[in-house]
Amino acid sequence: MEAALMQMNPRTSRPRFLLVEDDIISRGFFKAALETLPADVDTADSLASALARAEPGAHDLWLIDVNLPDGNGAQLLHELRRSHPDTPALAHTADGDVSIHERLREAGFSDTLVKPLGRDQLLKAVRRALVNSPAGATPPPAAIELVVEDWDETAALAALNGQRNHLIALRELFLAELPGVRDAVEQAVDQHDASSLRNQLHRLQASCGFVGAARLARAVRQLHHAPESVPAQAGFRAAVAALLH
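Since we're looking at a predicted model, the values are computed, not measured. (Residues numbered from 1 in each chain as written. Predicted model: local features only at pLDDT ≥ 70, side-chain atom pairs only at ≥ 80, totals over all residues. Heavy atoms only, no water.)

### A look at empty space enclosed by the protein
For the structure on display, the rule yields two cavities of 30 Å³ or more. The calculated volume of the second largest cavity comes to roughly 30 Å³. (1 Å grid on protein atoms, 1.4 Å probe; cavity = no way out; pocket = protein on both sides within 12 Å on 5 of 7 lines; lining within 4 Å. Points joined across faces, edges and corners; volume = space filled by probe spheres on them.)

Structure follows, in structure tokens:
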């Protein structure tokens with residue numbers, strides 16, 4: 001996974017974004033959500049400051065507010081594209097007018113996000129923009145899916161009252177115990193032991209919630225509802241393997 005991300009920006013194993021937003025609350029939300037990918041996020045609050053931050057080859061994606069104190073998003077994108085023609089860009093605005101969104105697409109934005117929006121909606125749009133980038137150096141869709149979907153940092157920190165040190169320690173313990181739990185689940189499935197399987201999945205579901213293992217939590221729910229389903233069993237194994245990779 002790290003090797004795939006390094007293709008996006010050879011100087012770091014994490015993607016790097018430029019976020020242009022003059023509203024401090026919106027900027028804080030976007031930055032916090034994007035950093036859960038994980039990603040490095042540079043911020044700017046105006047057209048001028050964005051141009052100053054846009055170093056050659058520095059960013060894998062631009063996220064640009066439509067209305068800026070010294071210009072507008074389309075104008076900024078036009079200026080940025082003079083020296084960085086292949087960098088993908090997303091616009092964000094509180095205006096839901098479809099005609100405005102169409103003009104932004106014509107200006108070169110791959111998509112327009114309407115504020116307020118949720119974290120999942122934002123990250124899915126980021127994934128689409130990176131996959132469809134004309135630069136040709138983005139990782140394959142599966143790699144981006146893995147980065148976005150495996151861990152939910154926001155939910156995990158909320159469950160632990162924002163204590164990141166506790167989260168790190170819990171994740172280390174969770175990953176250390178996960179192979180044994182996986183083996184117990186697979187044994188229960190093979191032996192058609194519904195009671196044991198139910199108990200194992202119940203405990204694992206709670207653990208996933210505390211550490212933010214979002215993809216595995218979904219796979220656990222699917223296996224709980226359909227323990228005889230071959231796709232559900234395969235999904236569980238794939239989700240575990242992704243975390244232990």
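### Some words on the packing of helix H2 (residues 24–35) against helix H6 (residues 119–131)
In contact at an axis separation of 10 Å, H2 and H6 are set at 65° when each is read in the N-to-C sense. Considering the angle they form, H2 stands roughly perpendicular to H6. Crossing of H2 over H6 shows right-handed handedness. Together, Phe29, Phe30, Ala33 and Leu34 of H2 and Arg119, Leu122, Leu123 and Val126 of H6 make up the contact between the two elements. (Axes fitted to C-alpha atoms, helices over the stretch in contact; angles between N-to-C directions. Helix = DSSP H or I, 4+ residues; strand = E, 2+ residues; numbered from the N terminus. Parallel < 35°, antiparallel > 145°, perpendicular 65-115°, else oblique. Left-handed = near helix turned anticlockwise from the far one by under 90°. Contact = heavy atoms within 4.5 Å.)

### Points about the nonpolar core
Counting 21 residues, the largest nonpolar core has Phe174, Leu204, Leu216 and Phe236 as the members making the most contacts within it. Among the elements of the structure, helix H9 (164–190), helix H10 (194–211), helix H11 (214–225) and helix H12 (230–244) are those that each provide at least two residues to this core. Contact partners of Phe236, with chain neighbours within four places excluded, come to Arg182, Val185, Leu204, Leu216, Ala219, Val220 and Leu223. Grouped together as the second largest cluster of nonpolar side chains are 19 residues, Val41, Leu117, Ala125 and Ala129 included. (Core = buried A, V, L, I, M, F, W, Y, C linked by side-chain atoms within 4.5 Å. Buried < 20%, exposed > 50% of the residue type's maximum accessible area, 1.4 Å probe, protein only.)

### Looking at the packing of aromatic side chains
Throughout the structure, instances matching the rule amount to one aromatic pair. Taken together, a centroid distance of 5.7 Å and an interplanar angle of 75° make the contact between Phe29 and Phe30 edge-to-face. (Phe/Tyr/Trp six-rings, centres within 6.5 Å; stacked < 30°, edge-to-face > 60°.)

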